[in-house]
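Coordinates in review
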Amino acid sequence: MTALATSLAQQLHQQKSFFATGQTRSLDFRKEMLRRLARAVEQEQEDIITALADDFGKPAFETYATEIAILLAEIKFTLKHLHKWMKPQKVKSSFLNFPSKDYIYAEPYGISLVIGAWNYPFQLTLSPLVGSMAAGGCTLLKPSELTPATSHLIATLIEKHFPQEYIAVAQGGPEVSQELLQLPFDKIFFTGSTAVGKMVAQAAASQLIPVTLELGGKSPCVVDASANLPVAANRIIWGKFINAGQTCVAPDYLLVQETVLPALLEQLKKTIQTFYTDHPQDSPDYARIINDRHFERLSRLMQDATVYYGGHTDASQRFIEPTVLTDVTWQHPLMQEEIFGPLLPVLPFKTLPEAIDQINRQGKPLALYFFSEDKAAQELVLEQTSSGGACINDTVSHLANPHLPFGGVGPSGQGNYHGKASFDAFSHHKSVLKKSFWPEVNFRYPPYQDKLNWMKKAFDWL
Ligand code: NAD
């Protein structure tokens, strides 16, 4: 066993012993710890903003809105509803078991491993943690190595405010994840790419560990001829270029009804200029690409497409201008992988069924966006496509409602979180049947004699 493997195994062992004391299970403990987390995040806001700026030039407004506020809102929502979620839920009992009282008890899985992605490195690691804390478990966090300042900040914040037998942080890259995936955790919650998600699922399967996979994919955005183009452009440009396009639910590509294509392109250009000026490189509101590898990947992807707007890059700053691309075919490299950057290919379509057919030829996406005034067309798109989530006449925002479970389907993920779904993701729902000693109904016991006929009659009455 390597030194790394030994220390991670010891860490897990400590957490298992702490969990076994039962301390993490009471409502009071869970609420106190969640409040502590909220206070820590509030206190360290400025450091969080600085860390994200160091990692990839993320604007303070975006860090506050998409990393801090969203996490604090999640904690607040959880604190408000936790007592209800924890209560055993009474369900109808079955005639066959008469008399009995039947319940569903939510119990914590135990020790959960949370592996985070780099693109919203703070909240993608700590938001699942809220679910694990709410469920009454212990947690080991593995933030992304690609955002070292934020990962370091997460480790420091957790160490300062929580005992490590309750919440611990393991920093490092795939080598650390690989070691962690060998250990007998009770639950694995992974956010990242579909390719790594498959490895995580395989490792979890080999130990039969329940797993939630929050993955990516190519989320389509469709605009039909009835859409309000200026409003659609605002919402598309915002969802695409926030975090410089490095958002799992960013509109990956645009499908536009051909009759409104020139007008929408013009509107997209105007909107980019309004949001980020004519010189986005000088805009304080626009982030950078995470590393050189992704900068080069994105620069390569732009080749052989017509740049309708943008296209300027600066390797020294890992800057890629908000870019709209046309003349893109379905065979183009841009359409073969998740773009995950500020490149927006725009493809025309003639009829809505044609657009739906094209979408359904791709893997089921994490999100789907449809801009249209036509209510029947909206329902048609929702009914005839499958995606993790969807917005009508908006992008990205569905993930900010804790009443909506967030997650993918098929290649874009399995399982959900946010709000009650987070509590459920880290809980086992145990079915419990309760009886008293009286009355004792003997019907089910041998000798069966003529009980079969009675049984058949009873089923006829049901
Ligand atoms: P990634 O899969 O490369 O890395 C995610 C995590 O897995 C990191 O902590 C990393 O250290 C670890 N990892 C990497 N390679 C590994 C390996 N071989 N074995 C074990 N662990 C390994 O993903 P990323 O680049 O950090 O994030 C981008 C992807 O995540 C995109 O596809 C994006 O759509 C997706 N994503 C999904 C969501 C969601 O909520 N569904 C949110 C954010 C990002």
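Residues numbered from 1 in each chain as written. Predicted model: local features only at pLDDT ≥ 70, side-chain atom pairs only at ≥ 80, totals over all residues. Heavy atoms only, no water.

**Considerations on the packing of helix H3 (residues 45–56) against helix H6 (residues 148–161)**
At a minimum axis separation of 7 Å, H3 and H6 run at an interaxial angle of 150°. Between H3 and H6, the interaxial angle falls into the category roughly antiparallel. Facing Asp 47, Ile 48, Ala 51, Leu 52, Asp 54 and Asp 55 of H3, the residues of H6 in contact are Pro 148, Ala 149, Thr 150 and Leu 153. Classifying every residue of the contact of H3 with H6 by side-chain character gives six nonpolar, one polar and three charged. (Axes fitted to C-alpha atoms, helices over the stretch in contact; angles between N-to-C directions. Helix = DSSP H or I, 4+ residues; strand = E, 2+ residues; numbered from the N terminus. Parallel < 35°, antiparallel > 145°, perpendicular 65-115°, else oblique. Contact = heavy atoms within 4.5 Å. Nonpolar A, V, L, I, M, F, W, Y, C, P; charged D, E, K, R; others polar.)

**Looking at the environment of Leu 268**
The residue Leu 268 is located in helix H10 (residues 261–276) in this model. Discounting chain neighbours no more than four positions away, the residues touching Leu 268 are Ala 233, Ile 236, Ile 237, Leu 254 and Val 324.

**A word on the packing of helix H9 (residues 229–241) against H10**
Where H9 contacts H10, the two axes come as close as 9 Å, and the packing angle between them is 55°. Classified by the angle between their axes, H9 and H10 sit oblique to one another. Crossing of H9 against H10: the hand is right-handed. Each of Leu 229, Pro 230, Ala 233, Asn 234, Ile 236, Ile 237, Trp 238 and Phe 241 in H9 lies in contact with H10, whose residues at this interface are Ala 263, Leu 264, Gln 267, Leu 268, Thr 271, Ile 272, Phe 275 and Tyr 276. Partitioned by chemical class, the residues of the contact of H9 with H10 number 13 nonpolar, three polar and no charged. (Left-handed = near helix turned anticlockwise from the far one by under 90°.)

**As for the sheet that holds strand E6 (residues 187–191)**
Ordered by their spatial adjacency, six strands build an open sheet running E5-E4-E3-E6-E7-E17, and the pairing between neighbours is mixed. Pairing within the sheet leaves two strands with one partner each, and these edge strands are strand E5 (167–169) and strand E17 (413–414). Running at roughly 170° to strand E4 (residues 138–142), helix H5 (residues 123–135) makes contact with strand E3 (111–115), E4, E5 and E6 of the sheet. Seen against the sheet, H6 touches E4 and E5 and runs at an angle of roughly 150° to E5. (Pairing = 2+ DSSP bridges.)

**Some remarks on the domain arrangement of the chain**
Domain annotation of the chain identifies domain 1 (3–215 + 412–429) and domain 2 (220–407). Here the C-alpha centre of domain 2 lies 30 Å away from the C-alpha centre of domain 1. Listed as interface residues are 25 residues of domain 1 and, on the opposing side, 26 residues of domain 2. When the two sides are added together, the surface that domain 1 and domain 2 hide from each other amounts to roughly 2000 Å², 58% of it contributed by carbon and sulfur. Scanning the region where domain 1 abuts domain 2 turns up zero salt bridges. The interface formed by domain 1 and domain 2 includes ten residue pairs in polar contact (both at pLDDT 80 or more). Among the secondary structure elements, those contributing two or more residues to the side of domain 1 that touches domain 2 are H3, helix H4 (60–86) and helix H14 (420–425). Among the elements that line the side of domain 1 that touches domain 2, the one with the most residues is H4, at five residues. A per-class count over the side of domain 1 that touches domain 2 returns ten nonpolar, nine polar and six charged. (Domains from an automatic or database assignment. Buried area = accessible area lost by both parts, 1.4 Å probe. Salt bridge = Lys/Arg side-chain N within 4 Å of Asp/Glu carboxyl O. Polar contact = N/O pair within 3.5 Å; in protein donor to acceptor, adjacent residues only side chain to side chain.)

**Some thoughts on the site of the ligand**
Close to the ligand lie 27 residues, the nearest being Gly 116, Glu 145, Ser 193, Leu 215 and Glu 338. One nitrogen or oxygen atom from the main chain of Glu 214 is found 3.5 Å from a nitrogen atom belonging to the ligand. The fraction of the free accessible surface of the ligand (840 Å²) that becomes covered by protein chains is 90%. Where the shell around the ligand is concerned, the elements lending two or more residues are helix H7 (174–180), E6 and helix H8 (194–207). Here the shell around the ligand spans two domains, since at least three of its residues come from each of domain 1 (3–215 + 412–429) and domain 2 (220–407). (Near = heavy atom within 4 Å. Areas by Shrake-Rupley, 256 points an atom, 1.4 Å probe, with all protein chains shown as cover.)

**Thoughts on the sheet that holds strand E1 (residues 89–91)**
Here three strands make up an open sheet; going across it, the order is E1-E2-E18 and the pairing antiparallel. If you trace the sheet from one side to the other, it starts and ends with E1 and strand E18 (427–434), each paired once. The mean inter-strand angle of the sheet, taken between neighbouring strand axes irrespective of direction, is 30°. Relative to E18, strand E2 (residues 101–108) runs antiparallel, the two sharing eight bridges.

**Some words on H6**
Compared with the 20 Å implied by 1.5 Å per residue over 14 residues, the 20 Å span of H6 between its first and last C-alpha is a close match. For H6, the complete set of buried residues consists of Thr 150, Ser 151, Leu 153, Ile 154, Ala 155, Leu 157, Ile 158 and His 161. Lining the buried residues of H6 we find helix H2 (27–43), H3, H5, E4 and E5. (Expected span 1.5 Å × (residues − 1). Buried < 20%, exposed > 50% of the residue type's maximum accessible area, 1.4 Å probe, protein only.)

**Brief notes about the UniProt feature "active site" (unreviewed entry) in the chain**
UniProt tags Glu 214 and Cys 248 as "active site" (unreviewed entry). Across 35 residues of sequence, these annotated residues stay compact in space, with a maximum C-alpha separation of 9.2 Å. Tracing the sequence through the fold places Glu 214 in strand E7 (residues 211–214). Contacts of Glu 214, omitting those with residues within four sequence positions, involve Phe 189, Phe 190, Thr 191, Gly 192, Phe 406, Gly 407, Gly 408, Ser 412, Gly 415, Asn 416 and Tyr 417. The topology assignment puts Cys 248 in the loop between H9 and strand E9 (253–257). For Cys 248, the contacting residues outside a window of four places in its chain are Asn 119, Ser 219, Glu 338, Phe 340, Leu 366 and Phe 406. (UniProt positions renumbered as here; feature names shortened; annotations may be inferred.)

**Some words on the pairing of strand E13 (residues 323–326)**
Burial of E13 is two-sided: the residues Thr 323 and Leu 325 facing one way and the residues Val 324 and Thr 326 facing the other way are all buried. Direction of pairing for E13 relative to strand E14 (residues 343–349): parallel, over a ladder of three bridges. Following the sheet pairing, Val 324 is matched in E14 by Leu 344.

**Overview of the packing of aromatic side chains**
All told, the structure shown has 15 aromatic pairs when counted by the stated rule. Taken together, a centroid distance of 5.1 Å and an interplanar angle of 75° make the contact between Phe 29 and Tyr 166 edge-to-face. Within this pair, whereas Phe 29 is found in helix H2, its partner Tyr 166 is found in the loop between H6 and E5, the two being separated by 137 residues in sequence. Owing to a relative accessible area of 17%, Phe 29 belongs among the buried residues under this scheme. Taken together, the aromatic side chains of Phe 18, Phe 29, Phe 162 and Tyr 166 make up a single cluster linked through ring pairs. Its end group placed over the ring of Tyr 103, Lys 90 keeps NZ or CZ at 5.7 Å from the ring centre. (Phe/Tyr/Trp six-rings, centres within 6.5 Å; stacked < 30°, edge-to-face > 60°. Lys NZ or Arg CZ within 6 Å of the ring centre and 35° of its normal.)

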